[in-house]
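Descriptive structure summary
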Amino acid sequence: FRCILHQEGVRGLYRGFLVNQAVWAPFNGCYFMIYEKSKRLCIDAGYEDGHDNLEPAAQVCCGGSAGIIAATLTNPLDVLKTRVQVARASPE
C-alpha cells in the first residue's frame, strides 16, 4: 500500500477501477438474466412450493449454473482487468 502510494500516487491505488466496472456490469447482467430464466424453467418443471418459490436445491442449481455461465462469458474481460490492475505505471 505505502509502496504503491509512494511510487505511483493515489492514482496507482485506483488503477483498473474503470475496467473493473466494465467487467462487473456485464457479469451481473448475464448472471441475473440466466438466473431468472433458469428459475422460471424450474418453477415450470414443478420445483416450487406452491407459491412460486423454488426449493432450496433448485435455488442452488440455478444460482450455481448462472454463476458458471456468466463467469465463462465475461472471463476475457476479467483477464484484461487483472492485467491492468497488476501492471506497473512505469515498468523498469
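Now for a description of the structure that goes with this document. (Residues numbered from 1 in each chain as written. Predicted model: local features only at pLDDT ≥ 70, side-chain atom pairs only at ≥ 80, totals over all residues. Heavy atoms only, no water.)

1. Concerning the pattern of salt bridges
When the charged atoms of two side chains with opposite charge come close together, those side chains can pair. Stated precisely, the cut-off is as follows: Whenever a carboxyl oxygen of Asp or Glu lies within 4 Å of a side-chain nitrogen of Lys or Arg, that contact is scored as a salt bridge. Helix numbering and strand numbering both begin at the N terminus, where a helix is a DSSP run of H or I of at least 4 residues and a strand a DSSP run of E of at least 2. Exposure is judged per residue with a 1.4 Å probe applied to protein chains only, and the accessible area is read against the type maximum: over 50% gives exposed, under 20% gives buried, and values in between give partly exposed.
Counted under the stated rule, the structure contains 3 salt bridges. Between E36 and K39 there is a salt bridge; the shortest N-O distance is 3.5 Å. Placement of the pair is E36 and K39 together in helix α3 (residues 17-44), with a separation of 3 residues, close to one helical turn. Here E36 falls in the partly exposed class, since its relative accessible area comes to 41%.

2. Regarding the side chain of T74
Filter applied, for reference: Side-chain atoms alone can form a polar contact between residues adjacent in sequence; in general such a contact is a pair of N or O atoms within 3.5 Å, and within protein one must be able to donate a hydrogen while the other accepts it. The contact definition used throughout considers only heavy atoms, calling two residues in contact when any of these lie within 4.5 Å.
Among the secondary structure elements, T74 is positioned in helix α4 (residues 56-86). Within the local environment of T74, its side chain forms a polar contact with the backbone oxygen of A70, the two atoms lying 2.8 Å apart. Beyond its immediate sequence surroundings of up to four residues, T74 is in contact with P26 and F27.

3. Here we look at the nonpolar core
Keep this limit in mind: Here, nonpolar core refers to any group of buried Ala, Val, Leu, Ile, Met, Phe, Trp, Tyr and Cys residues whose side-chain atoms link them within 4.5 Å.
Judged by nonpolar contacts, C30, I34, Y35, C42, I43, L54, A58, C62, A66 and A70 together constitute the single largest core of 10 residues. Mapped by element, the contributors of at least two residues to this core are α3 and α4.

4. Re the state of the cysteines
Note the cut-off: In plain terms, two cysteine sulfur atoms within 2.5 Å form what is called a disulfide here.
The final tally for this structure, using the stated rule, is 0 disulfides. Between C30, a free cysteine, and C62, which holds the nearest cysteine sulfur, the sulfur-to-sulfur gap is 16 Å. Of the residues examined, C30 reaches a relative accessible area of 18% and is grouped as buried. Not part of a disulfide, C62 finds its nearest cysteine sulfur in C42, a span of 3.6 Å.

Purely spatial values, then, with no claim about function.
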